Amino acid sequence: MTLPRFDNIRPKIEKHIREVKDFPKKGINFRDIMPLFTNPQLVNELCVVIADHVRHSVGHVDSVAGLEARGFLIGPLVAIQLGVPFVPIRKKGKLPGAVIEASYVKEYGEDIVEVQEGAIKNGEIVFLIDDLLATGGTLRAATDLVVKAGGKVGEAFVIIELAPLNGRAKLTDVKLTTLISYDSA
Ligand SMILES: O=P(O)(O)OC[C@H]1O[C@H](OP(=O)(O)OP(=O)(O)O)[C@H](O)[C@@H]1O
Ligand SMILES: Nc1ncnc2[nH]cnc12
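About the criteria used
Residues numbered from 1 in each chain as written. Chains lettered and ligands numbered in written order. Predicted model: local features only at pLDDT ≥ 70, side-chain atom pairs only at ≥ 80, totals over all residues. Heavy atoms only, no water. Helix = DSSP H or I, 4+ residues; strand = E, 2+ residues; numbered from the N terminus. Buried < 20%, exposed > 50% of the residue type's maximum accessible area, 1.4 Å probe, protein only. Phe/Tyr/Trp six-rings, centres within 6.5 Å; stacked < 30°, edge-to-face > 60°. Expected span 1.5 Å × (residues − 1).

Engineer: Is there a simple way to explain the environment of I80 in this structure?
Structural biologist: For I80, the location among the structural elements is in helix α3 (residues 71-82). Among the residues examined, I80 registers a relative accessible area of 64% and is labelled exposed.

Engineer: Any chance you could explain the packing of aromatic side chains here in plain terms?
Structural biologist: What characterises a pair of aromatic rings is the spacing of the ring centres plus the angle enclosed by the ring planes. Taken as a whole and assessed by the stated rule, the structure comprises 4 aromatic pairs. Their ring planes at 50° and their centres at 5.6 Å tell us that F6 and F157 sit as a pair that is tilted. Of the two residues, F6 is situated in the segment before α1 (10-14) and F157 in strand β8 (residues 152-162); the sequence distance between them amounts to 151 residues. The pair formed by F6 and F157 is uniform in burial state, with each residue classed as buried. Where F23 meets F30, the ring centres are 5.0 Å apart and the plane angle is 85°; that geometry is what we call edge-to-face.

Engineer: How should I be thinking about helix α4 (residues 137-148) in this particular structure?
Structural biologist: Since the α-helix turns once every 3.6 residues, residues separated by three or four places project in the same direction. Between the first and last C-alpha of α4 there are 16 Å, a value that for 12 residues agrees with the 16 Å anticipated at 1.5 Å per step. Within α4 the residues assigned to the buried category are G137, T138, L139, A141, A142, T143, L145 and V146. Positive backbone phi, approximately 100°, marks G150, located one or two places after α4.

The following block contains the structure:
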């Protein structure tokens with residue numbers, strides 16, 4: 001679902017997304033969000049709008065969880081706006097100590113994601129954030145992790161949705177908000 005709250009910022013963000021053909025593999029049309037970070041004011045505006053959206057449409061959240069790697073660029077900034085902890089969800093083997101894990105298949109490979117035990121407490125509501133939804137494997141695994149940890153996903157949010165890859169179909173049990181939806185993958 002895209003929301004009117006984002007109508008003003010959407011075209012500004014769109015201008016900062018670069019398409020790179022055949023990256024990281026032949027046939028993949030990579031949507032690169034890095035140009036956005038050349039514009040700190042716009043990054044800040046985006047995080048303020050997302051936090052505003054959380055306050056008005058999601059309600060109370062106990063934490064913001066971001067997906068490695070690009071969910072780490074926006075997630076902590078949104079968490080600061082909301083005054084709640086940031087929870088990193090990382091690829092296997094990167095987080096020290098006891099972890100909970102979930103495996104998944106994505107647009108160009110397979111992976112395992114992990115969260116540290118205790119980072120999400122029983123009954124906590126988590127706002128999940130990443131840059132992009134493709135096949136939905138990553139956000140599915142992240143949702144499963146939050147639930148395994150005893151939490152609940154208040155909402156999953158991505159800047160970009162590649163609609164033809166139908167990631168949404170894997171997330172029917174989650175409220176999912178998208179800033180920009182592309183009708184070609
Ligand atoms: O919906 P899916 O098909 O699961 O794909 C989406 C995921 O793919 C990308 O990350 P990637 O796995 O390339 O990792 P990186 O950010 O560490 O480069 C993107 O940032 C999402 O996390
Ligand atoms: N096409 C794509 N562009 C950027 N990140 C991605 N993650 C999965 N598919 C992607």
